[in-house]
Amino acid sequence: MIKVAPSILSADFGKLGDEIKAIEEGGADLVHVDVMDGNFVPNITIGPVVVKSIRPLTEMPFDVHLMVQKPQDYVEDFIKAGADILTVHVESDHSPHETIKQIHDMGKQAGVVLNPGTPFHIAKDFLNEIEMILIMTVNPGFGGQKFMPEVIPKIKEAKDYIDSQGLSIDLEVDGGITSENAGEVASAGGNILVAGSFVYRGNPKETIASLRAACEQ
Ligand code: DX5
Ligand code: ZN
C-alpha cells in the first residue's frame, strides 16, 4: 500500500496550520518537512521552532528531511521539536553511522538519503541500521522541480537489493512526483511518495487521491 508524504515546503506558510489540516483531511500518511540550511543546498527553509509550533496540530508522523551540512548538530533539536523520522544525506559532512545511532538513541526512526548523482551502493553500508531509504528524483534545494526519470533504475536496484537481503525498509522517493510518474515510481519499488507542488497545486483531497490511483493502475 502506497503512502503519501506531502512536503509542506510547497504549502502557503501564511496559513500553515490550515495547510496541514488540508493534507490530513486529504488522506496524507506523513508530513514531509524539508529542512535546508543554505549550506548543503542554496536555500534556507524550516527550523525546529516551526516543527514545534505545528506538532500539536496533527497526529501524522513528521518525516524530517535534513538537507543540512552537519545533521549531527540538529538531530536533537528536531526530535525535541517533534520529529518522528529523520533522514540524513550520505553526502553531508558527518558519519552516517553515528548520526543514525544518535537518532535511534533518542527513540526515533532513521533514514539515509541519496542525491540523484549518488550511486545506490553507497547506501548499502547503512541498510541494516535504518528504517527508510530516501531516493531523490531532483537535486535537493527547491520544490517544483522536474522529475528525473534517469533515477528510476536506481529505485529498482534499491528495491531488488532490499528484497534480496530480506530487509523491511521503507523506500521513499522525493522530487517532482505527480500522477504522471507516480505509477512508474511505485512499480520500481517506491512505497512512500513525497509530493509538494503537485499536492498543493490543487485540492489535496483530489491530488493525493490521484497519486494513489496512479499507483493502483
Ligand atoms: C527538494 C525537497 C523535496 C521537494 C518536493 O529538495 O527535498 O521534498 O520539496 O517538492 P516537489 O514535489 O514539488 O518536487
Ligand atoms: Zn524532501
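A short tour of the structure in this document, coming up. (Residues numbered from 1 in each chain as written. Chains lettered and ligands numbered in written order. Predicted model: local features only at pLDDT ≥ 70, side-chain atom pairs only at ≥ 80, totals over all residues. Heavy atoms only, no water.)

1. Here we look at the coordination of the zinc ion (ligand 2)
Applied cut-off: For Na, K and Ca the donor cut-off is 3.2 Å, while for other metals it is 2.8 Å, and in both cases only N, O and S atoms qualify; water is not among them, so sites may look incomplete. Tetrahedral means four donors with every angle between 85 and 135 degrees, whereas square planar (four donors) and octahedral (six donors) require angles over 155 degrees between opposite donors and between 65 and 115 for all others; sites fitting neither are termed irregular. Each helix is a run of DSSP H or I of at least 4 residues and each strand a run of E of at least 2, with the numbering of both proceeding from the N terminus. Each residue is placed in one exposure class: buried if its accessible area under a 1.4 Å probe, protein chains only, is under 20% of its type's maximum, exposed if it is over 50%, and partly exposed if it falls in between.
Within the first shell, the zinc ion (ligand 2) binds the protein through His-32 (NE2), Asp-34 (OD), His-65 (ND1) and Asp-174 (OD), at distances of 2.1 to 2.3 Å. Coordination at the zinc ion (ligand 2) is octahedral, judged from the six donor atoms that bind it and the angles of 74 to 174° they form at the metal. Here the donor residues of the zinc ion (ligand 2) are spaced in sequence according to H-x1-D-x30-H-x108-D. Residue Asp-34 is located in strand β2 (residues 31-36), and its partner His-65 is located in strand β3 (residues 62-67); the two are separated by 31 residues in the primary sequence. For the pair formed by Asp-34 and His-65, the shared burial category is buried.

2. As for the packing of aromatic side chains
Where two aromatic rings form a pair, the distance of their centres and the angle of their planes describe that pair. Rules: Here is the rule: rings of Phe, Tyr and Trp (six-membered ring for Trp) pair when centre to centre is within 6.5 Å. Planes less than 30 degrees apart are stacked, more than 60 are edge-to-face, and the remainder are tilted. In this scheme, Lys NZ or Arg CZ marks a charge over a ring once it lies within 6 Å of the ring centre and within 35 degrees of the ring normal.
Here the structure, examined in full by the defined rule, presents one aromatic pair. Ring centres of Phe-120 and Tyr-161 lie 5.6 Å apart, and the angle between their planes is 65°; this geometry places the pair in the edge-to-face category. Here Phe-120, found in the loop between β5 (109-114) and β6 (132-136), pairs with Tyr-161, found in helix α5 (residues 152-164); they are 41 residues apart in sequence, far enough to count as distant. Since its relative accessible area comes to 1%, Phe-120 is described here as buried. Sitting over the ring of Phe-62, Arg-55 keeps its end group 3.7 Å from the ring centre.

3. A closer look at empty space enclosed by the protein
If a probe the size of a water molecule is rolled over the atoms, the empty space left behind becomes visible. Filter applied, for reference: In this analysis a 1.4 Å probe is tested at points of a 1 Å grid over the protein atoms alone, and where it fits but cannot get out there is a cavity; an open set with protein on both sides within 12 Å along at least five of seven lines is a pocket; lining residues have an atom within 4 Å of a point. Grid points are joined across faces, edges and corners, and a volume is the space filled by probe spheres set on the points. Gly is placed with the polar residues, together with every amino acid not listed as nonpolar (Ala, Val, Leu, Ile, Met, Phe, Trp, Tyr, Cys and Pro) or charged (Asp, Glu, Lys and Arg).
Following the criterion strictly, the structure yields one cavity of 30 Å³ or more and no others. One number sums up the size of the largest cavity: a volume of about 210 Å³. Grouping the amino acids of the lining of the largest cavity by side-chain chemistry returns eleven nonpolar, eleven polar and two charged.

4. Focus: helix α4 (residues 96-105)
Here is the rule we go by: Picture the helix axis, draw a direction to every C-beta atom, and the arc is the one those directions span. Here, residues are in contact when the closest pair of their heavy atoms is within 4.5 Å.
Taken residue by residue, α4 has Pro-96, Thr-99, Ile-100 and Ile-103 as its buried positions. Each buried residue of α4 lies within a common arc of 100° when the element is viewed along its axis, so the set occupies one face. In this structure, α4 carries Glu-98 and Asp-105 as exposed residues pointing more than 90 degrees from its buried face. Residues of α4 that are buried make contact with α3 (75-81), β4 (85-89) and β5. Two residues or fewer after α4 comes Gly-107, characterised by a positive phi angle close to 80°.

5. Some words on the pairing of strand β7 (residues 170-174)
To be explicit about the condition: When DSSP locates at least two bridges between a pair of strands, those strands are taken to pair. The handedness rule is simple: strands pointing away from the viewer, and a clockwise path from the first strand over the helix to the second, make the crossover right-handed.
With four of five residues buried, β7 is to be regarded as a mostly interior element. Two elements, β6 and β7, share five bridges in a ladder whose sense is parallel. When the sheet's bridge partners are listed, Met-136 is paired in β7 with Asp-174. At this point the chain moves from β6, through α5, to the parallel β7, and the crossover so formed is right-handed. Pairing between β7 and strand β8 (residues 192-195): three bridges, direction parallel. By the bridge assignment, Val-173 is partnered in β8 with Leu-193. Read as a crossover between parallel neighbours, the route from β7 over helix α6 (residues 182-188) to β8 is right-handed.

6. Describing the pattern of salt bridges
As a reminder of what qualifies: Salt bridges are identified by distance alone: a Lys or Arg side-chain nitrogen within 4 Å of an Asp or Glu carboxyl oxygen.
Under the counting rule described, the total for this entry stands at seven salt bridges. Across the salt bridge formed by Asp-93 and Lys-70, the nearest N and O atoms sit 2.7 Å from each other. In this pair, Asp-93 is assigned in the loop between β4 and α4 and Lys-70 in the loop between β3 and α3, connecting sequence segments 23 residues apart. Using a relative accessible area of 40% as the deciding quantity, one classes Asp-93 as partly exposed. A salt bridge links Lys-80 to Glu-76; its shortest N-O distance comes to 2.7 Å. Of the two residues, Lys-80 and Glu-76 both sit in helix α3, four residues apart, roughly one turn of that helix. Here Glu-76 falls in the partly exposed class, since its relative accessible area comes to 37%.

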